[in-house]
Amino acid sequence: MTAAPDLILTGAEVRTLDPARPFATAVAVRDGVIAAVGEEREVRDWRGPGTEVVHLGGAHLVPGLVDAHSHPVWGLDMATGADLSGVTDLAGLRAALAGAARTDGWVIGHGLDHNTFGGRPVDRALVEDVLDGAPAFLRLYDGHSALATGAALATAGVTGARVFEQRSEVVCDADGRPTGHLVEHAAMQLVESVMPRPSYAARRERLVELLGAMAATGLTGAHVMDAGDAELVGAVAEETVLPLRLRFAPWCMPGIDAAGLAELVAAQGRGGRHWVVDGVKFFMDGTVEGGTAWLEHADCHGQGTAAFWPDPDAYAAAVRHLHTAGVRTATHAIGDAAVRHVLDVVAGLGAGAAGRHRIEHIETAPDALLPRFAELGVAASMQPPHTAYTRADGGDEWSRRLGPARAGHAWRLRDLRDAGATVALGSDWPIAHHDVRAVLATARTPRGAASTRAGLTGLEALEGCTTHAARAAGEAAVAGRVAVGCRADLTAFALDPVESPADELAQAPVRLTVTGGYVVHRGK
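Residues numbered from 1 in each chain as written. Predicted model: local features only at pLDDT ≥ 70, side-chain atom pairs only at ≥ 80, totals over all residues. Heavy atoms only, no water.

A. Representation of the overall build of the chain within the structure. In terms of regular secondary structure, the chain is built from 17 helices and 26 strands. A globule of 524 residues ought to have a C-alpha radius of gyration of about 24 Å, and the chain, at 23 Å, matches this closely. The principal-axis extent of the C-alpha atoms belonging to the chain is close to 80 × 50 × 50 Å. Taken over 524 residues, the chain has a buried fraction of 60%. Taking contacts inside the chain between residues at least 6 apart in sequence as the whole, the part at least 24 apart equals 73%. Roughly 19400 Å² of accessible area belongs to the chain as shown, and the carbon and sulfur atoms make up 51% of that amount. Charged side chains of the chain number 46 positive and 63 negative; the gap between the two group centres comes to 4 Å. (Helix = DSSP H or I, 4+ residues; strand = E, 2+ residues; numbered from the N terminus. Rg over C-alpha atoms; globule rule 2.2 N^0.38 Å. Buried < 20%, exposed > 50% of the residue type's maximum accessible area, 1.4 Å probe, protein only. Contact = heavy atoms within 4.5 Å. Areas by Shrake-Rupley, 256 points an atom, 1.4 Å probe, with all protein chains shown as cover. Lys, Arg positive; Asp, Glu negative; His and termini not counted. Charge placed at Lys NZ, Arg CZ, Asp CG, Glu CD.)

B. Helix 12 (residues 397–407), seen in detail. Here helix 12 lies mainly inside the structure; 8 of its 11 residues are buried. Among all positions in helix 12, only Glu397, Trp398, Ser399, Arg401, Leu402, Gly403, Arg406 and Ala407 are buried. A side-chain oxygen of the first residue of helix 12 lies 3.1 Å from the backbone nitrogen of Trp398; this N-cap is Asp396. (Polar contact = N/O pair within 3.5 Å; in protein donor to acceptor, adjacent residues only side chain to side chain.)

C. Up close: the pattern of salt bridges. As enumerated under the stated definition, the model contains 34 salt bridges in all. In this structure, Asp129 and Arg94 form a salt bridge, with 2.8 Å as the shortest nitrogen-oxygen distance. A residue pair is termed long-range when its members are at least 10 positions apart, and Asp129 in the loop between strand 10 (107–112) and strand 11 (136–140) and Arg94 in helix 3 (residues 90–98) qualify at 35 residues. Assessed through its relative accessible area of 26%, Arg94 is described here as partly exposed. Across the pair Asp489 and Arg487 runs a salt bridge, and its minimum N-O distance is 3.6 Å. Here the salt bridges share partners, and the residues they tie into one network are Arg245, Arg247, Asp278, Glu475, Arg487 and Asp489. (Salt bridge = Lys/Arg side-chain N within 4 Å of Asp/Glu carboxyl O.)

D. The arrangement of unusual backbone geometry in detail. In this chain, Trp429 is followed by Pro430 through a cis amide linkage whose omega measures 10°. Its identity is not glycine, yet Trp411 carries a phi of approximately 40°, on the positive side. Locating Trp411 in the fold gives a position in the loop between helix 12 and helix 13 (413–418).

E. Structural detail: the pairing of strand 10. Among the 6 residues of strand 10, 6 are classified as buried, and the element is accordingly described as predominantly covered. Where strand 9 (residues 82–83) meets strand 10, 2 bridges bridge the pair, whose relative direction is parallel. Its bridge partner being in strand 10, Ala82 is matched across the sheet by Gly109. In the classification by handedness, the crossover that spans strand 9, the intervening helix 3 and the parallel strand 10 is right-handed. (Pairing = 2+ DSSP bridges. Right-handed = clockwise from strand over helix to strand, strands pointing away.)

Following this line, the structure appears as structure tokens:
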């Protein structure tokens, strides 16, 4: 070491995930980079007069954990108002809405489970009588649909069906009356554009609070699958240290023109300390529960046979344009047809595409598609906590729509790893809670429809939030390992995240979180 480190972590059981040196007991950090990895006896030689030394008392130190799919900025707007995630039936929903606080006269809610409606169509008539005429906008948990009341629709000037460039729908009944069910982003935006919105100061406060809470679970980074808010994030990053590294992938939507593509290319690399724009996010379909997942064959409601891009070839052209410009892409693809199409498009890009593109979610996929991930170098980015929205008995909306055969292909984490794929793990906050310990635990013991198949091992789950997340972001050379020259992003647990039982890991105390050499969380 040519100069004394800024920080030394010692007295730890270090699992480096570096094949050259799998284990150690001390780590030194200088200028945000790991400067030395060794044994406790070496600390005396490393330290200088200004070095902070933290003794971890036998804690288990691993590479900093990363959420490979999250929305910590856009989610500030999604997760506003009443939290409806605990509602399980229509009676409970009506009671929650009757007592809900109002924001500028509106009732706003989020996290509403499709299963709450017990198989009934989502319709404002089920709840309007308990709202005394107040406009209401209730986001369903999938983030791709919402329920708006008649007063909210009237405020937005929505009186019937609309035509959109992307796959979206204002659902109407046989008489052309909007039911209030808004499916996909463009339809929801009609009402979102007229809703009350938190002030800049309130959003800033919530962002700082959220990122701190995420770091307290052991997270040091997040792959942000939206454009976020550059003004807000940039201002916070200048005023303080962002507890998480944020990598933003702005959306590329159907109908984009040459100027729009040029703008996405120009945005790459913009950022500041601990945040950067790197990549572009596409949608190839929507959700199973909403009937908008793109499937090889219709779901049990006769839906799911159309892509989010009305012209899938236009999607291919956009991906090709960005790939040629050196831009990484991530594509939301839940249904089997959507997954197949993305793989086909990447295959058409040639050998240079390996390691540069990824697919998000992959909730159902047949055997034949699995080997193609490794063959093409396409990363699988998956969210194990989503399995909790399904039921092992098949009685949930997701399983009922797909039917037993396709529901039997649910969240194939184990099968994709066995096929040699890079499998990066995340939460998709605010769709599921951001606690990375739950991501690790659920990857090992999937729930609901996925509970009948084996999960990942403890080591594989840890790799999903470290080495495999780094691969999915093209950062394997500088992240995901505790090795000299890698970024000083580190997480210390009281328990061994590999050997501890999954249920214990989900509650494991987080002793320390270090991002870029900064201690951003100190636990007990």
